[in-house]
Every structure is written in C-alpha cells, then in structure tokens.
Amino acid sequence: MKALDGTRLYFNRAADHLELSEDMRRLLLTAKREVQVQVPVEMDNGQLQTFIGYRVQHNDARGPMKGGLRYHPEVDLDEIRALASLMTWKTAVVNLPYGGAKGGIALDPTKLSQRELQRVTRKFVDELHDVFGPNNDIPAPDMGTDSQVMAWIMNQYQRYHGFNPACVTGKPVEMYGAPGREEATGRGVGILLVKLLGRMGRKPQQTRVVIQGFGNVGSHTAWFLNQAECKVVAVSDRDGGFFNPGGLDVPAMVRYAHANHGSIRGYKEAEPISNEAMLELPCDVLIPAALGGVITSKNVKKINAPIIIEGANNPTWPDADDILYADGRTVLPDILANAGGVTVSYFEWAQNRQYYQWTLDRVRQELDRVLTQSFDAVWEMAQQRQVSLRTAAYILGIGRVSRATVLGGIT
Ligand code: NAD
C-alpha cells in the first residue's frame, strides 16, 4: 500500500460521516501546490551530487500552511503528499490557525557531513524561498532534520527577504526558537497517553511501554513517560533495540545516545532485540515513533499491545487499523498523538511575530491546555458517533477545514 492510499481511505471514512459532497472531497483531497526541485551540491570530496527535494502545500483554508521537512532516503512525492494532508487535518484537530504542508529531500543525513547538509539545505531554500514565508508556508523539523537545519533555513531565507524569524520553526532557542519546542512532540505523546490511561481507568505505574525510534520523538516520549512513572521496557532505533522487562534506565539511555551521535547502538545495560521482535513484545502500550507503515496486515496479529499511540506519522496501514479496531484495541492516531510539535511550533511562530519569548513553564502549560482540549473533543466525538479515535479525529479536523472552505467562499 502507498502512504497516500491510506490517508485517503481514512479521509473518506470521516467524509462519509460528515456527508461531504464529492466536489468538496475532491477539493480537500487535492493539494494546493506541489513543487519538485533539483538540489545539486558539491560534496566534500569535490564530486557533484544531485538530490531531489519536494514541498507539497496541501491546504490553506484555515491559515498559513505548516509542516515539517524530512531528510530520508525513502522520501518521494507520494509520501510527502500524504504527510502534507495529515498536517492539514492535524492543525485543524488541535485548532491551530494553520493549514498543512510537508517537504523533504531524498537523502540519508547520516551519510553526509555537517558542511554537506548545510549546503543541501541552503540550496533547497534557494529554490523555494518564494514558496515559503511566515504568512504562506512555514517549515519545521521532521525525521532527519533538527534545530540546526532550521537555523540554516532562517539564515538563508533572510538573504532573500530580510530578517524574519517566523519563516521557520523548531529553531535553536538561542536563535529565536521556543523553549520546549525540541521536547514538544514527545512530551505531547506522553501527555496524551497519560490522559488516555486516565480515561481507560489504567495507572501509569502499571503500564509497560515499548517505543520504536529513539530520535527526537522517541527519546522525549521515553523521558516524559519515565518521569510519569510508566515502565519503559524496550526502545529501538535504526540499528536495533534493547529490552528490560523490569524497565530500562531511560536517563542513562538518553545520555548514551547523546554521547554516541544520537544512536543507542552498542548499549550494554539491556538485552538486545530486533525491531521486528520489539513490536511483538508483551506490553500495555506500543509507540511507533520512527517510520511510517510499520504496523501492517502482515504483523498486526502478532502485536500484543492493547494500546497503540502513533508518535510517528502514518505508522499503521488501514487494513491493520481495521483489525486492531475489530479486536477492541485502542489506537491514538498520529493527527492527535504527535500534534504537540506543531502546537509548540505555533507558539514559537506567534512569539517570533511579537519578538517576545515565553518561559518554558508557560510553553508547557499552554501545550497541556491545547492537547487536553483536543483530546477531550476527539474522545467525545468517538463516543457520540461510536467510531474509532482515528475516525473521530478526522471528523473533527475535516469538519473544521470544510467549514472554513465554505465560509471563505469558493468562486
Ligand atoms: P528523528 O530523525 O529525530 O529520529 C528517527 C528515529 O527513528 C531515530 O532513532 C532512527 O534511528 C529511528 N529509525 C529510523 N529507521 C528506523 C527503523 N527502520 N526501525 C526503527 N527505528 C528507525 O525523527 P523524529 O523527528 O523523531 O521523527 C520520528 C517520527 O515522528 C516521524 O514519523 C515524524 O514524521 C514524526 N513526527 C516528528 C515530529 C517532530 O517534531 N520531530 C512531529 C510530528 C511527527
């Protein structure tokens, strides 16, 4: 299955509940603009390498388009289209004044030097600076990109359009970033899981959690849940995972990864486990926080977790999602579960426009408020309509976007 087929299927289910016309569906499923660019860069060894970059601006009915920038070898137009549409529904579910977009470059950032990454990023902005902009389309970090990449984007954008820190979010705090942005997606995943456990009458102390991915989202999720007294029993990254049924020492693993270029490879204080086996461990909560398409009809029956929180975008294919729902499992969908990042990006953008910086406490408080309201709204919708949390979140998001489209007027 392609990523885009999956998001379309989820869209249409919610659109049926909303009784959206075929014309409105077609409008909402079509991207506003799609750009593909050539990114030729001289590598450190003097060779010329040409990368392909994408930016898909999906919808701006509710505000400027917002979405991450992904550096990964498997990036292609189909995936970026799917992720851009997810951003439209996500910003609407958490009721931020944004639309949705996504971008990416097909490359493996672990194989490039920092100087090469900087050249690629600046070249990409050279091609797209007229497409981006604080009132049009605001990039942010995603897989393979971080606050350093965002700082280069801000600096390169400034060469064309003058000083304007609101042109990109997820920047370093010393360079107009918001305190708490880096932790925000993982913290949001953690906040929402604790809310969900509360609704389900479960206690964090009796909750065993498995997390796939130990990058930005995975490591901050592990950190938050460890502090919330959940038992994080396994984590993994692209090189494999580690398991301890009694609970991992999360702070030690985070320190280890920091000292080891972000990787947990070679960690000695827990049992090694493969990524495939990890998904099937006995546990209470499984959190995919790396790639898309990791829960499929092939492995879904082997997954033991009764609760799945989608830290990653698009980790569950619809056929697997149907099986999970029929089995009575609870899936907190990506468009709500990982919305903490875009929420704090919105705070950063708002602060940049005022040249004012909030405290970390204020950022965390506001994040909690936005996610709590959104979680409650999705939960109520699911109860009211007797649908999964995913369909409920899509109904809420698509409903808001379609109303804004009609109110704005289509001529
Ligand atoms: P990241 O690059 O910081 O980390 C990715 C992690 O996944 C790394 O630990 C990497 O080793 C691991 N990984 C890569 N391939 C793997 C594989 N085959 N098996 C297991 N692990 C693998 O990326 P991130 O920002 O943490 O993003 C992770 C996911 O969360 C993506 O789906 C992204 O779209 C989504 N997301 C990120 C943000 C954000 O703010 N960064 C916001 C919303 C959603």
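Before reading on, note that the structure itself is shown above.
In this report, we go over the structure that sits alongside the text. Bear in mind the structure is a predicted one, so any value in this text is a computation, not a measurement.

Moving on to unusual backbone geometry. Look at Asn-95: it is not a glycine, yet its phi comes out positive at around 60 degrees. Using a relative accessible area of 45% as the deciding quantity, one classes Asn-95 as partly exposed.

Read from one edge to the other, the open sheet built from 7 strands follows the order S9-S8-S7-S6-S10-S11-S12, with strand pairing classed as mixed. The open sheet has two edge strands with one neighbour each: strand S9 (271-273) and strand S12 (330-332). Going across the sheet, the axis of each strand differs from the next one's by a mean of 20 degrees, ignoring polarity. Here strand S11 (residues 307-309) runs beside S12; their pairing, made up of 3 bridges, is parallel. Across the sheet, Ile-307 pairs through a bridge with Thr-330, a residue of S12. Against the sheet, helix H7 (residues 216-227) contacts strand S6 (208-212), strand S7 (231-237) and strand S10 (285-288), and its axis sits at roughly 165 degrees relative to S6.

Before going further, it helps to spend a moment on the packing of helix H6 (residues 181-199) against helix H13 (residues 360-385). Look at H6 against H13: their axes get within 10 Å of each other, and the N-to-C directions meet at 45 degrees. The pairing of H6 with H13 is recorded here as oblique in orientation. Classified by chirality, the crossing of H13 by H6 is right-handed. Touching Glu-183, Ala-184, Arg-187, Gly-188, Ile-191, Leu-192, Lys-195, Leu-196 and Arg-199 of H6 are Leu-360, Arg-364, Leu-367, Asp-368, Leu-371, Thr-372, Phe-375, Asp-376, Trp-379 and Glu-380, all from H13. Partitioning the contact of H6 with H13 into residue classes produces 9 nonpolar, 2 polar and 8 charged.

A word on the pairing of strand S5 (residues 137-141). Across the 5 residues that make up S5, a large majority, 4, are buried. Two elements, strand S3 (residues 65-71) and S5, share 5 bridges in a ladder whose sense is parallel. Within S5, the residue paired with Gly-68 across the bridge is Ala-140.

This next bit is on the sheet that holds S3. Strands belonging to one sheet form pairs held by backbone hydrogen bonds; the direction of such a pair is parallel or antiparallel. Read from one edge of the open sheet, 5 strands run S1-S2-S4-S3-S5, paired in mixed fashion. The strands lining the two open edges of the sheet, one partner per strand, are strand S1 (33-42) and S5. Here the strands of the sheet are splayed against their neighbours by 20 degrees on average, with no regard to which way each runs.

Okay, the side chain of Glu-348 next. Examined against the element boundaries, Glu-348 turns out to sit in helix H12 (residues 340-354). The class for Glu-348 is buried, based on a relative accessible area of 1%.

Cut-off values and rules
Residues numbered from 1 in each chain as written. Predicted model: local features only at pLDDT ≥ 70, side-chain atom pairs only at ≥ 80, totals over all residues. Heavy atoms only, no water. Buried < 20%, exposed > 50% of the residue type's maximum accessible area, 1.4 Å probe, protein only. Pairing = 2+ DSSP bridges. Helix = DSSP H or I, 4+ residues; strand = E, 2+ residues; numbered from the N terminus. Axes fitted to C-alpha atoms, helices over the stretch in contact; angles between N-to-C directions. Contact = heavy atoms within 4.5 Å. Parallel < 35°, antiparallel > 145°, perpendicular 65-115°, else oblique. Left-handed = near helix turned anticlockwise from the far one by under 90°. Nonpolar A, V, L, I, M, F, W, Y, C, P; charged D, E, K, R; others polar.

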